[in-house]
Amino acid sequence: MAEKLLEIKNLHVLYKTDEDDVYALNGVDLDLEKGETLGLVGETGAGKSTIALSIMKLLPDRTGFITEGEIRFDGKDLVHIKEMRSMRGNDISMIFADPMSALNPLHTVGNQIAEVIELHHSGLSHDEIEKKVDEMMELVGIPAERKSEYPHQFSGGMRQRIVIAMALSCNPRLLLADEPTTALDVTIQAQVLK
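Keep in mind the model is a prediction, meaning the values are calculated, not measured.

**Re the overall build of the chain**
Then step 1. When its secondary structure is counted, the chain shows 6 helices and 6 strands.
Then step 2. Secondary structure elements of the chain, listed N to C terminal, follow the sequence β-β-α-β-β-β-α-α-α-α-β-α.
Then step 3. Taken over the C-alpha trace, the chain has a radius of gyration of 17 Å; the compact-globule value for 194 residues is 16 Å, and the two agree within 12%.
Then step 4. Considered along the principal axes of its C-alpha atoms, the chain spans approximately 45 × 35 × 30 Å.
Then step 5. Accessible surface, the chain: about 11,300 Å² in total, of which carbon and sulfur atoms supply 50%.
Then step 6. Side-chain charges in the chain split into 20 positive and 32 negative, and the spacing between the mean points of these groups amounts to 3 Å.

**Quick notes on the side chain of R159**
Then step 1. Structurally, R159 is set in helix α5 (residues 156–168).
Then step 2. Of note is the side chain of R159, whose polar atom sits 3.5 Å from the backbone oxygen of P151.
Then step 3. Within the structure, the side chain of R159 is placed 2.6 Å from the backbone oxygen of F154, a separation counted as a polar contact.
Then step 4. When near neighbours in sequence (up to four residues on either side) are disregarded, R159 contacts P99, M100, L103, P151, H152 and F154.

**Looking at the nonpolar core**
Then step 1. I55, I92 and L174 are the most contacted members of the largest nonpolar core, which totals 26 residues.
Then step 2. Those elements that provide at least two residues to this core are β1 (4–16), β2 (21–33), α1 (48–56), β3 (64–73), β5 (92–95) and β6 (174–177).
Then step 3. Take this core: its biggest share by element is 6 residues, from β1.
Then step 4. Excluding anything up to four places from it in sequence, L174 contacts L5, L6, L32, I55, F73, D91, I92 and S93.

**Some words on the sheet that holds β2**
Then step 1. The strand order across the open sheet built from 4 strands is β2-β1-β3-β4, with neighbouring strands paired in antiparallel fashion. Only two strands of the sheet have a single partner each, and these edge strands are β2 and β4 (76–77).
Then step 2. Across 2 bridges, the pairing between β3 and β4 is antiparallel. Bridge pairing in β4 links R72 to D77.
Then step 3. Most of the contacts of α1 go to β1, to which it runs at about 110 degrees, and overall it touches β1, β2 and β3.

**Some words on unusual backbone geometry**
Then step 1. One non-glycine residue with positive phi stands out, namely N10, at about 50 degrees.
Then step 2. Inspection of the secondary structure puts N10 in strand β1.
Then step 3. Despite not being glycine, D74 shows a phi value in the positive range, around 50 degrees.
Then step 4. Note that D74 resides in the loop between β3 and β4.

Conventions we followed
- Once a new chain begins, its residue numbering starts again from 1 and follows that chain's sequence as written.
- In keeping with the model being predicted, local features are shown solely for residues with a pLDDT of at least 70 and side-chain atom pairs are shown and tallied solely at 80 or more, while totals for entire chains, interfaces and linings include all residues.
- Only hydrogens and water are removed before side-chain values are computed, so all heavy atoms of the structure are retained for them.
- Strands here mean DSSP runs of E at least two residues long; helices mean DSSP runs of H or I at least four residues long; both are numbered from the N terminus.
- The globule rule used for comparison is 2.2 Å times the number of residues to the exponent 0.38, while the radius of gyration itself is calculated over C-alpha atoms.
- Accessible surface is estimated by sampling points in the Shrake-Rupley manner with a 1.4 Å probe; for residues, cover comes only from the protein chains shown.
- Only four residue types enter the charge count, namely Lys and Arg as positive and Asp and Glu as negative; His and the chain termini do not.
- Positions of charges follow a simple convention, taking NZ of Lys, CZ of Arg, CG of Asp or CD of Glu.
- Any pair of nitrogen or oxygen atoms within 3.5 Å is treated as a polar contact; in protein, a donor-acceptor pairing is required on top of that, and neighbouring residues in sequence qualify only through side-chain atoms on both sides.
- Contact criterion: two residues are considered in contact whenever any of their non-hydrogen atoms come within 4.5 Å of each other.
- Throughout this description, the term nonpolar core refers to a set of buried Ala, Val, Leu, Ile, Met, Phe, Trp, Tyr and Cys residues connected via side-chain atoms within 4.5 Å.
- Exposed residues in this analysis have more than 50% of their type's maximum accessible area, buried residues have under 20%, and partly exposed residues fall in between, with area computed by a 1.4 Å probe over protein chains only.
- Two strands qualify as a pair provided DSSP detects at least 2 bridges between them.
- An axis is simply a line fitted to the C-alpha atoms; with a helix, the fit covers only the stretch in contact. Between two such axes, the angle follows the N-to-C directions and lies from 0 to 180 degrees.

Have a look at this one:
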């Protein structure tokens, strides 16, 4: 039997709003083994994004709460872990559905990819980081010479590919993809899914 990378047991998530409490997840269970791919399909509002945000511990501070259940990544309890920063990017990474909200409009795309790499690989030289940025941009089909440009200078599909490059830059063991192909043309969609 393969080792479990991710285990979710009886996960319940509540969103508190001014009007009412919204029970977004009610007893979700899922397991993911190392090397396995899992796709969640459901209508808008079914809780797919909420599951990913719960794993990343990125639920909105004052409104989103895990009220019950367990999330274990490689045996570690993510629900009660105090510091997720070192795990995000390195061990678990996420491709967000909306690239414009995932990218900082004030920084070049190259600097944003470099920041992720530098945060998790502090021993790399500036040249090594720049080389890795170039590799990641080329990997997603964007010429490396465009790394000094800003998010608004790219199409929606290209911004999505920048977000994908950021998510892949530290070779995470778990990659969460929240509608990663939405802004991409059919050819690039096939490449991303592969």
